[in-house]
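Secondary and tertiary structure notes
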Amino acid sequence: MESYDVIVVGAGSVGLPSAYYLAGEGLRVCVIEKGPSVGQGQNKAAIGGARATHSDPAKIRLCQESLKVFSSWKQEHGVDVGWKKGGYCFPVYRESDEKTLKDILPLQKGFGLNINWRDADEIRKIIPGVNPNGLRGGTYSPDDGQVSPLLVASSYYSLCVAKGVRFAFQEEVVEVTRSKGKIKAVRTNLNDYSCGALLNAAGAHAKGLGKTCGIDIPVVPDSHEGGVSAPVKMFLEPLVVDLRSGSDGKSSNFYFGQNSEGHFIFCYTPSPLFLGTETRSLSEFMPSIGRRLVDLIPRLRNLLIRRCWRGLYPMTPDGNPIVCKVNDPEGLFLAVGTCGQGFMMGPGVGKNIAKLISASHPLMEEEIFKTISFYRTFSSASAEALR
Ligand SMILES: Cc1cc2nc3c(=O)[nH]c(=O)nc-3n(C[C@H](O)[C@H](O)[C@H](O)COP(=O)(O)OP(=O)(O)OC[C@H]3O[C@@H](n4cnc5c(N)ncnc54)[C@H](O)[C@@H]3O)c2cc1C
């Protein structure tokens, strides 16, 4: 039987960076992935938005780490992963949204984030062609950005292989063996592997894997659609989030940006939400989001849409991730429930979990880290987790 210090289940947005930083700590790591290659779960569904400007301290800390990683990738590794430091902009048309965004600015600034309220004239410069009717202003955080999930995944894969990480593709973990309250081994459809520690990074399927370890993880798949246009001349720097609901009642907030290759890439939060694992596209998505895009930036009316898709957010009840050591069984770690922000949290989660497993403490402040424990009390979801 092959034997490893750590087995990571899932070669996705979270599992890949975790494997890389674990190997960096000198541990022998194996990644087991049921797909044929890396990033074939929800990683490839993400549109690549990456921001640290959250309202939750743990998410801020995780994404501050991730942004350091994304923004320095080319210098560090000599590979272009499509990093575009265009910032995030939330244009505001409602008094209630203005209040919500202004209320969290002190907390965000307290964590050193570069974000400010801008008046309507400034927002019109930041989002050229934005609909000026009723525009009150908005927030802008120029240090956030976008990056390609597929390029990041394939680059992490090469880095992992260079560090000696073993990948077992097209193998699904079906059973986890415990002895005297401790994780001992995992069984896949093809092989058995023994391990000192097991990291559940199974994304939207984390709950099923949790069951085989005897714990109930509160992560449910929540289905969201996205789409991409043919490339057009670059004119939009930031990723834009519109907090309003669609006039046809089919969506709440929506967000979009122009990536480093000129493609417009966009998503919305459906209303009502679609829980479950259905990933076929709905015919209502394109007409509905198309209308929203053109209402907000009328010059987008001639955009040629290439394709759309549907993927799964790994949702937790409170919209925050679960990154933690499990007490029973011993040797089990969780890096799950990253909701609609798992790609941007990936490197930050990976760095924290690697320190937790190798040195028994996270990278961030313990007090903040506790808030993303499996053992916290889960309140109801914040809308922020959905954008
Ligand atoms: C339309 C859309 C747009 C999005 N946009 C963004 C965005 O702009 N920014 C952002 O940060 N996030 C975004 N997200 C969310 C992001 O895609 C997810 O939060 C993230 O990919 C979750 O990462 P993960 O590693 O937990 O899961 P995944 O990336 O899905 O990785 C989990 C892996 O585990 C494997 N697996 C599961 N069970 C087993 C098993 N038993 N054995 C072996 N392998 C197993 C799966 O095959 C999968 O490859 C978006 C999501 C969607 C759907």
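Small disclaimer: the values here were computed from a predicted structure and weren't measured.

1. Here we look at the site of the ligand
In the vicinity of the ligand there are 40 residues, among which Ser13, Glu33, Gln42, Cys339 and Met344 approach most closely. Residue Ser13 places a side-chain N or O atom 2.8 Å away from an oxygen atom belonging to the ligand. Within the backbone of Gly342, one N or O atom sits 2.9 Å away from an oxygen atom of the ligand. Of all the elements in the fold, those that place two or more residues in the shell around the ligand are strand E2 (29–33), strand E12 (220–229), strand E17 (305–315) and helix H9 (342–359). Looking at the shell around the ligand element by element, the count peaks at five residues for E17.

2. Points about the layout of surface pockets
Estimates place the volume of the second largest pocket at around 420 Å³. Ser148, Leu150, Asn259, Glu261 and Ile265 are the residues nearest the centre of the second largest pocket, which is lined by 21 residues in total. A breakdown of the residues in the lining of the second largest pocket according to their chemical character gives nine nonpolar, seven polar and five charged.

3. Concerning helix H8 (residues 285–296)
The terminal C-alpha atoms of H8 lie 17 Å apart, and with 12 residues this matches the ideal 16 Å at 1.5 Å per residue to within 8%. Burial in H8 covers these residues: Phe285, Ser288, Ile289, Arg292, Leu293 and Leu296. An end-on view of H8 places all buried positions within 130 degrees of arc, on one side of the element. Of the surrounding elements, those touching the buried residues of H8 are E12, strand E13 (239–242), strand E14 (251–258), strand E15 (264–270) and E17.

4. A closer look at empty space enclosed by the protein
All chains considered together, the criterion is met by one cavity of 30 Å³ or more. Within this model, the largest cavity holds a volume of roughly 40 Å³. Lining the largest cavity are Gly12, Ser13, Leu16, Pro17, Asn43, Val152, Ala153, Tyr156, Phe343, Gly346 and Pro347. Elements supplying a minimum of two residues to the lining of the largest cavity: helix H1 (15–24), helix H6 (149–162) and H9.

5. With respect to helix H2 (residues 57–71)
Compared with an ideal rise of 1.5 Å per residue, which puts 15 residues at 21 Å, H2 spans 21 Å between its outermost C-alpha atoms and is within 8% of the ideal. By the criterion of burial, H2 is predominantly enclosed, with 11 of the 15 residues buried. Within the span of H2, buried status applies to Ala58, Lys59, Ile60, Leu62, Cys63, Gln64, Glu65, Ser66, Leu67, Val69 and Phe70. Its side-chain oxygen 3.1 Å from the backbone nitrogen of Ala58, Asp56 forms the N-cap of H2.

6. Some points on the pairing of strand E19 (residues 332–336)
Counted residue by residue, E19 has five buried out of five residues, so it is predominantly covered. Residues Leu332, Leu334 and Val336 point to one face of E19 and Phe333 and Ala335 to the other, with burial holding for every one of them. Two elements, strand E11 (residues 192–200) and E19, share three bridges in a ladder whose sense is parallel. By the bridge assignment for E19, Leu199 is matched with Phe333. Linking strand E18 (residues 322–325) to E19, which pair antiparallel, is a turn of six residues; within it Gly331 sits at a positive phi near 90 degrees.

7. Considerations on the nonpolar core
Counting 71 residues, the largest nonpolar core has Val8, Tyr156, Val165 and Phe167 as its most contacted members. The element best represented in this core is H9, accounting for eight residues. If sequence neighbours within four positions are ignored, Tyr156 has contacts with Leu16, Pro17, Tyr20, Tyr21, Val69, Trp73 and Pro347.

8. Overview of the pairing of strand E10 (residues 182–188)
Here strand E9 (residues 173–179) pairs with E10 via six bridges, running antiparallel. What sits directly across from Val176, in E10, is Val186. Where E9 folds back on E10, the antiparallel hairpin that results is connected by two residues, among which Lys180 adopts a positive phi of roughly 50 degrees. Judged from the three bridges that link them, E10 and E11 form a sheet pairing that is antiparallel. Note on E11: the bridge partner recorded for Arg187 is Asp192. The turn joining E10 and E11, which pair antiparallel and follow one another in sequence, is formed by three residues.

9. Regarding the packing of aromatic side chains
Evaluation of the coordinates by the stated rule reveals 13 aromatic pairs. Judged by centre distance (6.0 Å) and plane angle (80 degrees), the ring pair of Tyr21 and Tyr156 falls under edge-to-face. You can see Tyr21 sitting in helix H1 and its partner Tyr156 sitting in helix H6, a full 135 residues away along the chain. Note on Tyr156: relative accessible area 2%, which makes it buried. One cation-aromatic arrangement involves Arg244 over Tyr93; the distance from NZ or CZ to the ring centre is 3.8 Å.

10. Here we look at the pattern of salt bridges
When their charged atoms lie close together, side chains carrying opposite charge are able to pair. One pass over the structure, following the stated rule, counts 21 salt bridges. A salt bridge links Lys99 to Asp103; its shortest N-O distance comes to 2.6 Å. On the criterion of helical spacing, the pair formed by Lys99 and Asp103 is a turn pair, its members being four residues apart in helix H4 (residues 95–110). A relative accessible area of 52% means that Lys99 is categorised as exposed. Among the residues examined, Asp103 registers a relative accessible area of 48% and is labelled partly exposed. A single network of salt bridges, built from pairs that share partners, joins Glu65, Lys68 and Lys351.

Rules and cut-offs
Residues numbered from 1 in each chain as written. Predicted model: local features only at pLDDT ≥ 70, side-chain atom pairs only at ≥ 80, totals over all residues. Heavy atoms only, no water. Near = heavy atom within 4 Å. Polar contact = N/O pair within 3.5 Å; in protein donor to acceptor, adjacent residues only side chain to side chain. Helix = DSSP H or I, 4+ residues; strand = E, 2+ residues; numbered from the N terminus. 1 Å grid on protein atoms, 1.4 Å probe; cavity = no way out; pocket = protein on both sides within 12 Å on 5 of 7 lines; lining within 4 Å. Points joined across faces, edges and corners; volume = space filled by probe spheres on them. Nonpolar A, V, L, I, M, F, W, Y, C, P; charged D, E, K, R; others polar. Expected span 1.5 Å × (residues − 1). Buried < 20%, exposed > 50% of the residue type's maximum accessible area, 1.4 Å probe, protein only. Arc of directions from axis to C-beta. Contact = heavy atoms within 4.5 Å. Pairing = 2+ DSSP bridges. Core = buried A, V, L, I, M, F, W, Y, C linked by side-chain atoms within 4.5 Å. Phe/Tyr/Trp six-rings, centres within 6.5 Å; stacked < 30°, edge-to-face > 60°. Lys NZ or Arg CZ within 6 Å of the ring centre and 35° of its normal. Salt bridge = Lys/Arg side-chain N within 4 Å of Asp/Glu carboxyl O.

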